[in-house]
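The residues making up each chain are set out below.
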Amino acid sequence: MVLVPHLIALALYALAAALALAPFAGLRSAPRALRLGVPLLGIAAHVIGIARVTSFLGVAPTLSMLALFLVALQAASEGLFGASAVGVFTGPLATGLLGLALLIGLAPEGPPPSGRGAWSILHITVSVLGLAMLALAFIAAALYLLQFRELKAKRFGAVFRLFPPLERLDQLNHLSLVLGFPTVTLGVLLGFGVRYAGGASVDAAQVVWGMLTWVVLGWAVGVRVVRHWAGRRAAFASIASFTAVLLVYVALKLAAPGTQRFL
Amino acid sequence: MSITVLGVNHRTAPLDVRERFAHERREVPTSLERVLAAGARGGVLLSTCNRTEFYLAEADVAVPEAVWAILSERLGGGRSASEYGYTRRDRDAVRHLYRVSAGLDAMILGESQIQGQVRDAWETSKGQAGPVLHRLFQSALLVGARVRSETGLATGAASAPSAAVAVAARIFTRLAGRSALILGAGDMAELAATCLASEGVRVTLVANRTYERARAIAEQMGARALTLDEAWEHFADADIVLSSTAAPHAVVTWDHVAPAVARRGGRPLCILDLGMPRDVEPAVAQLENVFLYDIDDLQAVAAQAAAERRRDIPAAERIVSEEVERFWAWYGGLVVVPVLKEFRERLDQVRATELERALRRLAHLSPEDRGEIEHFSQTLLNKFLHQPTLALKEAAQAGRGYGLLEALKRLFGLERRDDP
């Protein structure tokens, strides 16, 4: 049974999103145990659901997995960085992605192209994990810029009170970007390996645009690690690189529409 | 039995008067000794910069006079301390202490320092407090903790120095280990520096127009002294700059600090300008990663926190009321137990005497019949005592036991003290 655990996860993610948004609506913050516990329960239900999915091909399973990793990273951000505000973005995003996956349908739409199922699953898992990390870097950068603007403008409202300190957001951005980039790189390499070993051809547009995106991501990591960019400049670089990833994905999907393949 | 509080606080007495009433820790036992000698069975003295209060158990009528006399002596000039004072009794006294401990009666609503001061007062007076006040202060600390954990009364920074800490804490992940540069020797900067130091910030440099003055303050804080002109270079290293000079114009200008800030490599710099007029040129805030706040900004943060705390007053008052009832139920029960015990003993004594007399007249009865009569007398007494005992306990728990208790003592000639 795939649907029931996914529906339970969807409900718990929606609740986690509501808990994250509540303080911004003037309501009292939920206890930390609840803010952590609800998404963790959702993750548990989601893992059970994903474990029962027989094929990871197609947009829906990928979106479901992306939602799972986003919530896992949200819980990690809350647990390790005390950055509960991350949930303001990841909560609704994960809920939306999982909802969309359920609408598209998680049932397999075709058999795997080759017998290399385990490698294929590894490629998808690693790639989606990398993508989720880059999304987290983007979110941390966005939170950074919002808090930066509030602090500079001397506005002491909800953002000032509820967002994490600037430095912590910068650290979260740094860590997500530095871990996300090699993870995505590994995922892409595994993907090429699986395709070539399986004898499947890779679309030239995918290769060219994929390389360009990789270079942009590499630049964002490079300026952070090599040139020691921090703060606002690094946040802009991070946002630019993730936006590039999204734009390229949208462009490629427009060129080859359909839900049978993620890319 | 009764609980009384007599004292003065920031609402009833100005600072110069409160300063005279304040007791050092070593003075507390002596003052309490005098009050206890005047006829109280227990006492705790709570003395802070905002209040001096004597909490007393079973205070005789002469005790208030003794308290005001002690305080009047400190006031001097033939003035009476009672002009500045207040008295609360029984439930009101309990409620008062609970409100104090919760921060509801504090100058800065919800401030948490008072919790430690209540604990200190209790510990200092432990030998003289007696069991009732011991229990009262123990419960007051629990009430304070409960209010702070269940309401938002202690959240946010409700004073300008604590707002300085709150603002810095929105910039830096951890304040512990950060370095601070102090410009000038204003009181506010010193206060804010103390607040920051309590969070682990290291004051490493103190700069002043006069080097000697800078050195005096630097020595107090374990920092290095500089002149103002030497300070600009250190805008490249410091994490926090606290400024409070007496200069009539801005001393921290763009030209002075921009070159140093450019060498920070994007690290944030928090500048807290507590000077009046302002010490830092507003243009400095335009520098990348420089966050500049003046006293108005900090007061805005404090006012916002105070407004948010005020929203939680009803919830905090509800907790206080609940806990007052709980304490009073315990206290009421404590009061009736010895009287009821004596009441029962007295009637049992009457029963035994009359039974013995009757049995002497009824010598022809068999042992079984004698036992039956004794059992009857015991049952009758229990039935007779049941309703008054119940009524008295209920009245005591509802806080209406005192009158009934007095009536009982008067009607049955009970002389024993009703102490626990």
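Residues numbered from 1 in each chain as written. Chains lettered and ligands numbered in written order. Predicted model: local features only at pLDDT ≥ 70, side-chain atom pairs only at ≥ 80, totals over all residues. Heavy atoms only, no water.

J.: What is the right way to look at the overall build of chain A in this model?
T.: Tallying secondary structure elements over chain A gives nine helices and zero strands in all. Sequence-ordered secondary structure for chain A, helices as α and strands as β, is α-α-α-α-α-α-α-α-α. Since a compact globule built from 263 residues should have a radius of gyration of about 18 Å, the 19 Å found for chain A is in line with a globular shape. Relative to its full complement of 263 residues, chain A shows a buried share of 49%. Of the contacts formed within chain A by residues at least 6 apart in sequence, a portion of 80% connects residues at least 24 apart. Just so you have it, chain A exposes about 12,000 Å², and 74% of that area is on carbon and sulfur atoms. Each charge sign in chain A was given a centre, from 18 positive and 6 negative side chains, and these centres are 4 Å apart. (Helix = DSSP H or I, 4+ residues; strand = E, 2+ residues; numbered from the N terminus. Rg over C-alpha atoms; globule rule 2.2 N^0.38 Å. Buried < 20%, exposed > 50% of the residue type's maximum accessible area, 1.4 Å probe, protein only. Contact = heavy atoms within 4.5 Å. Areas by Shrake-Rupley, 256 points an atom, 1.4 Å probe, with all protein chains shown as cover. Lys, Arg positive; Asp, Glu negative; His and termini not counted. Charge placed at Lys NZ, Arg CZ, Asp CG, Glu CD.)

J.: Explain the interface of chain A and chain B to me, please; I cannot follow it from the model alone.
T.: As a measure of interface size, the accessible area lost when the parts come together is often cited. At the junction of the two partners, chain A supplies 19 residues and chain B supplies 27 residues. Around 1,900 Å² of area is buried between chain A and chain B when both sides are counted, 46% of it from carbon and sulfur atoms. In this structure, the connection of chain A to chain B is made through five salt bridges. Close ionic contact of Asp297 of chain B with Lys154 of chain A constitutes a salt bridge, the shortest N to O distance being 3.0 Å. Run the count over chain A and chain B and you get 18 residue pairs in polar contact (both at pLDDT 80 or more). Among the elements of the structure, helix 5 (117-152), helix 6 (158-162) and helix 7 (166-197) of chain A are those that each provide at least two residues to the side of chain A that touches chain B. When residues in the side of chain A that touches chain B are grouped by element, the largest group, five residues, is from helix 5 of chain A. Counted by class, the side of chain A that touches chain B contains nine nonpolar, three polar and seven charged residues. (Buried area = accessible area lost by both parts, 1.4 Å probe. Salt bridge = Lys/Arg side-chain N within 4 Å of Asp/Glu carboxyl O. Polar contact = N/O pair within 3.5 Å; in protein donor to acceptor, adjacent residues only side chain to side chain. Nonpolar A, V, L, I, M, F, W, Y, C, P; charged D, E, K, R; others polar.)

J.: Looking at this model, I keep getting lost on the domain arrangement of chain B. Mind explaining?
T.: Split by domain assignment, chain B resolves into domain 1 (3-153), domain 2 (160-303) and domain 3 (337-412). Just the C-alpha atoms count here: the centres of domain 1 of chain B and domain 3 of chain B sit 42 Å apart. (Domains from an automatic or database assignment.)

J.: Could you clarify how one ought to interpret the packing of helix 6 (residues 126-150) of chain B against helix 13 (residues 313-361) of chain B in this entry?
T.: Angle between the axes and distance between the axes: these two values describe a pair of packed helices. Residue and element names in this part refer to chain B. Across the interface, helix 6 lies against helix 13 with an axial gap of 10 Å and an inter-helix angle of 160°. Taken as axis vectors, helix 6 and helix 13 run roughly antiparallel relative to one another. Seen from above, helix 6 lies across helix 13 with right-handed handedness. Mapping the contact onto sequence places Val132, Arg135, Leu136, Ser139, Val143, Arg146, Val147 and Glu150 in helix 6 and Ala316, Ile319, Val320, Glu322, Glu323, Phe327, Trp330, Tyr331 and Leu334 in helix 13. The class makeup of the residues in the contact of helix 6 with helix 13 is eleven nonpolar, one polar and five charged. (Axes fitted to C-alpha atoms, helices over the stretch in contact; angles between N-to-C directions. Parallel < 35°, antiparallel > 145°, perpendicular 65-115°, else oblique. Left-handed = near helix turned anticlockwise from the far one by under 90°.)

J.: I would appreciate a short explanation of the pattern of salt bridges in the present structure.
T.: Pairing of side chains with opposite charge becomes possible as their charged atoms draw close. In the structure shown here, the tally under the stated rule is 33 salt bridges over all chains. When the shortest N-O distance is used, the salt bridge between Glu167 of chain A and Arg178 of chain B registers 2.4 Å. Of this pair, Glu167 of chain A sits in helix 7 while Arg178 of chain B sits in the loop between helix 7 (160-169) and strand 5 (179-183), each in a different chain. With relative accessibility at 17%, the residue Glu167 of chain A sits in the buried group. Two residues, Arg51 of chain B and Glu53 of chain B, come together in a salt bridge whose shortest N-O distance is 3.1 Å. Taken individually, Arg51 of chain B and Glu53 of chain B each receive the classification buried, so the pair is uniform in this respect. Among the ionic contacts, a cluster of salt bridges with common partners joins Arg11, Arg51, Glu53, Arg99, Asp105 and Glu317 of chain B.

J.: Before we go on, may I ask you to explain the nonpolar core in this structure?
T.: For soluble globular proteins, the rule of thumb is that nonpolar side chains tend to be buried together. Residues Ile240, Leu272, Tyr293 and Leu298 of chain B are the most contacted members of the largest nonpolar core, which totals 100 residues. The element best represented in this core is helix 5 of chain A, accounting for 17 residues. If sequence neighbours within four positions are ignored, Leu298 of chain B has contacts with Ala160, Ala163, Ala164, Val167, Leu272, Leu274 and Tyr293 of chain B. Counting residues in each nonpolar core, the second largest holds 48 residues, with Leu104, Val118, Leu141 and Phe327 of chain B among its members. (Core = buried A, V, L, I, M, F, W, Y, C linked by side-chain atoms within 4.5 Å.)

J.: Explanation requested: the pairing of strand 9 (residues 269-273) of chain B in the structure shown.
T.: Residue and element names in this part refer to chain B. In terms of residue burial, strand 9 counts as a mostly covered element, since five of its five residues are buried. Burial along strand 9 is two-sided: the residues Leu269, Ile271 and Asp273 and Cys270 and Leu272 are all buried. The pairing of strand 8 (residues 240-243) with strand 9 spans four bridges and is classified as parallel. From the neighbouring strand, Leu242 faces strand 9, where its bridge partner is Leu272. A crossover links strand 8 with its parallel partner strand 9, the connecting element being helix 11 (residues 254-262), and its sense is right-handed. (Pairing = 2+ DSSP bridges. Right-handed = clockwise from strand over helix to strand, strands pointing away.)

J.: Can you help me understand the sheet that holds strand 8 of chain B in this one?
T.: Whether parallel or antiparallel, the strands of a sheet pair through hydrogen bonds between backbone atoms. Residue and element names in this part refer to chain B. Read from one edge of the open sheet, six strands run 7-6-5-8-9-10, paired in parallel fashion. The sheet terminates laterally at strand 7 (224-227) and strand 10 (290-294), the two strands that pair on one side only. Neighbouring strand axes in the sheet, compared pairwise and without regard to direction, differ in orientation by 20° on average. With respect to the sheet, helix 12 (residues 295-311) is in contact with strand 9 and strand 10, its orientation differing from that of strand 10 by roughly 80°.

J.: For this particular structure, what's the right way to read the environment of Asn382 of chain B?
T.: Residues and elements named next belong to chain B. Here Asn382 shows up in helix 14 (residues 367-397). Taking C-alpha positions, Asn382 is 9.0 Å from Arg344, a pair spaced 38 residues apart along the chain. In terms of polar contacts, Asn382 uses its side chain to reach the side chain of Arg344, at 3.3 Å.

J.: It is not clear to me how the domain arrangement of chain A should be interpreted in this structure. Could you clarify?
T.: Residues and elements named next belong to chain A. Domain boundaries in chain A define domain 1 (1-111) and domain 2 (118-263). On a C-alpha basis, the centres of domain 1 and domain 2 stand 19 Å from each other. Between domain 1 and domain 2, the contact holds 22 residues from the first and 29 residues from the second. Across the domain 1/domain 2 interface, buried area totals approximately 2,400 Å², and carbon plus sulfur atoms make up 84% of it. For the pair domain 1 and domain 2, the interface holds zero salt bridges. Elements with a contribution of two residues or more to the side of domain 1 that touches domain 2: helix 3 (59-81) and helix 4 (86-104).

J.: Help me understand the sheet that holds strand 4 (residues 86-89) of chain B, please; the structure alone is not making it clear to me.
T.: Residues and elements named next belong to chain B. As summarised here, the arrangement of the four strands in space is 2-3-1-4, forming an open sheet in which the pairing is antiparallel. Taken across any chain shown, the strands that pair with only one partner, and hence form the sheet edges, are strand 2 (42-47) and strand 4. The sheet shows a mean angle of 15° between the axes of neighbouring strands, direction not considered. Relative to strand 3 (residues 51-57), strand 1 (residues 3-9) runs antiparallel, the two being bridged by seven bridges. In the sheet register, Leu6 faces strand 3, and the bridge partner there is Phe54. The sheet strands contacting helix 4 (residues 90-102) are strand 1, strand 2, strand 3 and strand 4, and the helix crosses strand 4 at an angle near 110°. Sitting on the sheet, helix 5 (residues 113-124) touches strand 2 and strand 3, and the angle it makes with strand 2 is about 145°.

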